[in-house]
Amino acid sequence: MKTTKILSIAAAAAIAASALAIPTSAEGTYHAYLGVQSASYTFRNAWNEPSYGQGVVGDDGMVYFDQLTGWEGSTALNKGGDFTDVEITGDGTYTVGVTNFDFGSDESLNLLFVSTDIPIDSGITISDVKIKMDGSTKYTFDEAFLSPDETTYLQPMAINIWNDDLGGSDGLFGYIMPTDSIEIEFTVSGMGDAVASTDTASDDAAPAADTTATTSATTGNTAVAAIASVMAVAGVAAVISKKRK
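Given the structure is predicted, the values throughout are model-derived calculations rather than measurements.

A.B. asks: What exactly am I supposed to notice about the pattern of salt bridges here?
C.D. replies: Two side chains with opposite charge may pair up if their charged atoms get near one another. Using the criterion set out here, one finds 3 salt bridges in the structure. For Asp 102, the salt bridge identified is with Lys 79, shortest N-O distance 3.5 Å. Remark: Lys 79 occurs in the loop between strand S5 (75–78) and strand S6 (80–84) and Asp 102 occurs in the loop between strand S8 (92–101) and strand S9 (109–116); sequence separation between them is 23 residues. The exposure class of Asp 102 is partly exposed, given its relative accessible area of 36%. Ionic pairing is found between Lys 132 and Glu 185, a salt bridge with its closest N-O pair at 3.1 Å. Residue Lys 132 is found in strand S10 (residues 125–133), and its partner Glu 185 is found in strand S13 (residues 181–189); the two are separated by 53 residues along the sequence.

Rendered as structure tokens:
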């Protein structure tokens, strides 16, 4: 009877010790997308824009975020666009971009930016933002210029003709309207040592700004808890042995 009671106490002590196995490191998985608007308002908006953002389906059946959308009067048109979107899984360099687009006769862009679901208050920073058109680097921002209009997520801007800090309609850098590709390369810091992912994000993947994945650092804590459990059981065994004597 006494032995059974003591073993029950040991099991409870082991469970309590295991409960102390708290992860020491947790990293989120985020996403980044190219945002753009041309002079004639052919566009891809930010992922969280309520009218044309990710997952929005128009009355015409168009999923605007999966394409470049142009206009013929008030009628939306699919203007092509094969997008490279990325998952951000750790510190590293990432690239978003678009190819196979049709900006018609437009000679300039109104907007060019990176739309992310990284919270502004996450402690994560973005730097070394390189603007590439048709494979040629046009400009590098040593520190990302963050949109003052996006107050929730990091949104580095490269072109905004309505923002004087980005040079207004003149812009900060010159370019000939791209015909083959637009890319924005950027460096993420502050997430940890996870290897940067080069996988493209699914077009219909829900933003994951508020989800976290437990890293392998948890294993170390689990081992500590297991050792504590063994010590607890060993202590009880010693009590049993003493009473038998």
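A.B. asks: Just to check I follow, could you spell out the environment of Leu 112 for this structure?
C.D. replies: Inspection of the secondary structure assignment puts Leu 112 in strand S9. Owing to a relative accessible area of 0%, Leu 112 belongs among the buried residues under this scheme. Residues Leu 112 and Ala 158, 46 residues apart in the sequence, show an inter-C-alpha distance of 5.4 Å. The residues contacting Leu 112, other than those within four sequence positions of it, are Leu 34, Gly 35, Val 36, Ile 131, Met 133, Met 157, Ala 158, Ile 159, Ile 182 and Ile 184.

Reading the values: the criteria
Residues numbered from 1 in each chain as written. Predicted model: local features only at pLDDT ≥ 70, side-chain atom pairs only at ≥ 80, totals over all residues. Heavy atoms only, no water. Salt bridge = Lys/Arg side-chain N within 4 Å of Asp/Glu carboxyl O. Helix = DSSP H or I, 4+ residues; strand = E, 2+ residues; numbered from the N terminus. Buried < 20%, exposed > 50% of the residue type's maximum accessible area, 1.4 Å probe, protein only. Contact = heavy atoms within 4.5 Å.

On their own, these measurements won't tell you what the molecule is for.
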